[in-house]
Amino acid sequence: MKLFSSLKTLTVVSLILTGVSSWGQTRSSSYSDCLGRCATTYPVVAVGSTPNASGTSTAVLDSNAPGREICRARCDADRSDAQQNQQECSSLYQRYNDASSRAGAQCSKEGLGNMGSCSQQISQCSGMFNLGGPLGDDPTGGLTNVLGALMMTQSGGQGSGCVDQSDNSVEQQKNSIDRQIFDMKQQINKSVGEKAKKRGEISKKNAEIEKEKIKAQQEADKIKVQNQKDLAQKKAAIDKLVLELKAKQFGRLMEINKTGRELANSQFKIQQFMIQFADKQVQTKCGSDAEAMAQAKRTGAVPKGAPAGTKPASRKLTKKDQQEIDLAYQTCLQVAALSKRAELKKIQDEQATARDKIATLQESNKQDAEAIEAQKIEFEEAKKIAMQEDKNADDIKLRTDTALDKSLAEFKTQIDEEIRGIEQENQGRLEQIQTLLLQKQNVKPKYSSLPGLFEDRQRASTAFQTRCCNQRDRSANDRNCGTVSDDTGYGDSGTGI
């Protein structure tokens, strides 16, 4: 059943490789040839215009342009594929060279001569078939030999007869295994310290985060304290100004009251003056003065030389006397009227000045009251601004704390992942230790690695020739294809590899 499964798998691989080779043959021409075929297959149609039913012109487009662009895109894709194929062939050829170098070095190490004699001796001691086979028209030729190799492998045919004579000792192999186990245990012990260091990094990160949080809190508190300080200073300045303004207002009120009393007193003086200078009183006084003047004129003068004690003789008033008496009476009335008006004018001016002073003082008090109210409004606005700044500081701190918490959580997740990775590596090391211990128990004399090296070399040769020496890629790899096909194969003197 295993033999049938292996044959089936190899058949599928062979058919896939053959299909890839056939697919590439359709694109063996050069990139410039491909573009030339596109230009020939899809020639450029002249662009112009044709009249339509309405008398206007309709543009005529190049109908071959889409096909030409698609064709060129295929050329670009083919060129990219060809470049990729060339890279793959270079890699496969390098793989063949590396396998040949390893086999040659091992042949030299084991003292088996050149590649030809070495391969013959290995073929005889291992009982291996030729894995190469011709690469002509029969794609299954190599497959038959591969099948034979599988049969020999499954039946133990890659025999134990090819012992590596250059092997020093079994003890060296065990020592090498012990050294590997020791190194892995050292790595496991080292990883314990690494995990502790990782956990220490979490503690360090946590301390840094807490430090940043404290700093953010201090910044927020600093803003709040400064705002409270500014508000206190502002309130003290406003209170001082309000006290000064109210003191001025109080002084003005005292002055207003004093001026009001003076105004009331002046009104009382006017009343007294009006009584004193009433028309009847003035007329009576002036009439008395005129009567006294008339009485004096009625009394005559004492003649000169008259004895002492002689009384003047009375006389009648003349017309002239009466005119003088009337003039004196009218003059008295006019003088009294002028004095009355002058005194009234003086008192009224004093009253107007007092009223202006009161109005000025009241206006000043009004302005100070408005200034006090403005200071109160300004302080309330300052309080609102300070409250908003405090809120902004709290918001900034909250966002900072959130970002720091997120950063810490992400850092913890990262460290946990790294620790899990270390533990997984340790688990792998433990499994490798178990494997090495089993290998140490099963150490036997070292057999030659040449059968495997020649098999690797033969597989590399087959892969290169199958992939790169077909019709499609032959031109790019002619020299390499000739080198590989002419080389001496494992257990064969022809084109085995």
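Parameters and conventions
- Residues numbered from 1 in each chain as written.
- Predicted model: local features only at pLDDT ≥ 70, side-chain atom pairs only at ≥ 80, totals over all residues.
- Heavy atoms only, no water.
- Helix = DSSP H or I, 4+ residues; strand = E, 2+ residues; numbered from the N terminus.
- Buried < 20%, exposed > 50% of the residue type's maximum accessible area, 1.4 Å probe, protein only.
- Contact = heavy atoms within 4.5 Å.
- Areas by Shrake-Rupley, 256 points an atom, 1.4 Å probe, with all protein chains shown as cover.
- Phe/Tyr/Trp six-rings, centres within 6.5 Å; stacked < 30°, edge-to-face > 60°.
- pLDDT = per-residue confidence, 0-100.
- Salt bridge = Lys/Arg side-chain N within 4 Å of Asp/Glu carboxyl O.
- Disulfide = S-S within 2.5 Å.
- Core = buried A, V, L, I, M, F, W, Y, C linked by side-chain atoms within 4.5 Å.
- Expected span 1.5 Å × (residues − 1).
- Arc of directions from axis to C-beta.
- Axes fitted to C-alpha atoms, helices over the stretch in contact; angles between N-to-C directions.
- Left-handed = near helix turned anticlockwise from the far one by under 90°.
- Parallel < 35°, antiparallel > 145°, perpendicular 65-115°, else oblique.
- Nonpolar A, V, L, I, M, F, W, Y, C, P; charged D, E, K, R; others polar.

1. Let's talk about the overall build of the protein
Step number 1: Within the protein, the regular secondary structure consists of ten helices and two strands.
Step number 2: The linear arrangement of helices and strands in the protein, starting from the amino end, is α-α-β-β-α-α-α-α-α-α-α-α.
Step number 3: When each of the 497 residues of the protein is scored for burial, the buried share is 28%.
Step number 4: Residue pairs in contact within the protein that sit at least 24 positions apart in sequence constitute 77% of those at least 6 positions apart.
Step number 5: Accessible surface for the protein amounts to roughly 32,200 Å². Of this, 55% is attributable to carbon and sulfur atoms.

2. Digging into the packing of aromatic side chains
Step number 1: Taken as a whole and judged by the stated rule, the model has two aromatic pairs.
Step number 2: Relative to Y96, the ring of Y93 has its centre 6.2 Å away and its plane inclined at 35 degrees; by these criteria the two rings are tilted. Of the two residues, Y93 and Y96 are both situated in helix α3 (residues 65–109); the distance of three residues between them amounts to about one turn of the helix.
Step number 3: The interplanar angle of 55 degrees and the centroid separation of 5.4 Å between the aromatic rings of Y93 and F464 together place this pair among those described as tilted.

3. Remarks on the confidence of the model for the protein
Step number 1: In this model, the protein carries a mean pLDDT of 75, and residues with pLDDT of at least 70 account for 74%.
Step number 2: The low-confidence segment residues 488–497 (pLDDT under 50) makes 40 contacts with residues lying over four places distant or belonging to another chain.

4. Considering the environment of A354
Step number 1: The topology assignment puts A354 in helix α8 (residues 319–441).
Step number 2: A sequence separation of 88 residues divides A354 from S266, and the C-alpha atoms of the two residues are 10.0 Å apart.
Step number 3: When neighbours within four sequence positions are excluded, A354 is seen to be in contact with T259 and L263.

5. As for the pattern of salt bridges
Step number 1: With the rule as written, the count across this model stands at 21 salt bridges.
Step number 2: Two residues, K397 and D401, come together in a salt bridge whose shortest N-O distance is 2.5 Å. Highlighted residues: K397 and D401, both in helix α8, separated by four residues, approximately one helical turn. Neither K397 nor D401 differs from the other in exposure class; each is buried.
Step number 3: Overlapping salt bridges, with partners in common, bring together E455, D456 and R459 in one network.

6. Details of the state of the cysteines
Step number 1: According to the stated counting rule, one finds six disulfides in the structure shown.
Step number 2: Here C34 is linked by a disulfide to C75, with a sulfur-sulfur distance of 1.9 Å. The chirality of the disulfide connecting C34 with C75 is left-handed, given an S-S dihedral of about -85 degrees. With a gap of 41 residues between them, C34 in helix α2 (residues 31–41) and C75 in helix α3 connect regions that are remote in the sequence.
Step number 3: On the basis of relative accessibility, which here comes to 11%, the residue C34 falls in the buried class.

7. Considering the nonpolar core
Step number 1: C89, L92, Y93, Y96, A460, F464, C468, C469, C481 and V484 together form the largest nonpolar core, which totals ten residues.
Step number 2: Of all the secondary-structure elements, those providing two or more residues to this core are α3, α9 (450–468) and α10 (478–486).
Step number 3: At four residues, the largest contribution of residues to this core is made by α3.
Step number 4: Ranked by size, the runner-up nonpolar core spans nine residues in total, among them A103, C118, L450 and L453.

8. So, helix α4 (residues 115–126)
Step number 1: Here α4 contains twelve residues, and its C-alpha end-to-end distance of 16 Å stays within 8% of the 16 Å for a straight helix at 1.5 Å per residue.
Step number 2: Within α4, the full set of buried residues consists of C118, S119, I122, S123 and S126. The buried residues of α4 occupy an angular sector of 135 degrees when the element is viewed end-on, so they sit on one face.
Step number 3: For α4, the secondary structure elements touched by its buried residues are α3 and α9.

9. Regarding the environment of L361
Step number 1: Tracing the chain through its elements places L361 in helix α8.
Step number 2: With a relative accessible area of 14%, L361 lands in the buried category.
Step number 3: Taking the C-alpha atoms as reference points, L361 and G251, separated by 110 residues in sequence, lie 9.4 Å from one another.
Step number 4: Here L361 is in contact with R252, E255 and I256, once residues within four sequence places are set aside.

10. Re the packing of α4 against α9
Step number 1: Between α4 and α9, the least distance of the axes is 10 Å, while the angle of their chain directions is 115 degrees. Handedness of the crossing formed by α4 with α9: left-handed. Across from M115, C118, S119, I122 and S126 in α4, the residues of α9 making contact are L450, P451, F454 and R457.

11. A few points about the packing of α3 against α9
Step number 1: Their axes nearest at 9 Å, the elements α3 and α9 cross at an angle of 160 degrees. Judged by the angle between their axes, α3 and α9 are roughly antiparallel. Relative to α9, α3 is oriented so that their crossing is left-handed.
Step number 2: Taken together, the residues that form the contact of α3 with α9 break down as 14 nonpolar, four polar and seven charged.

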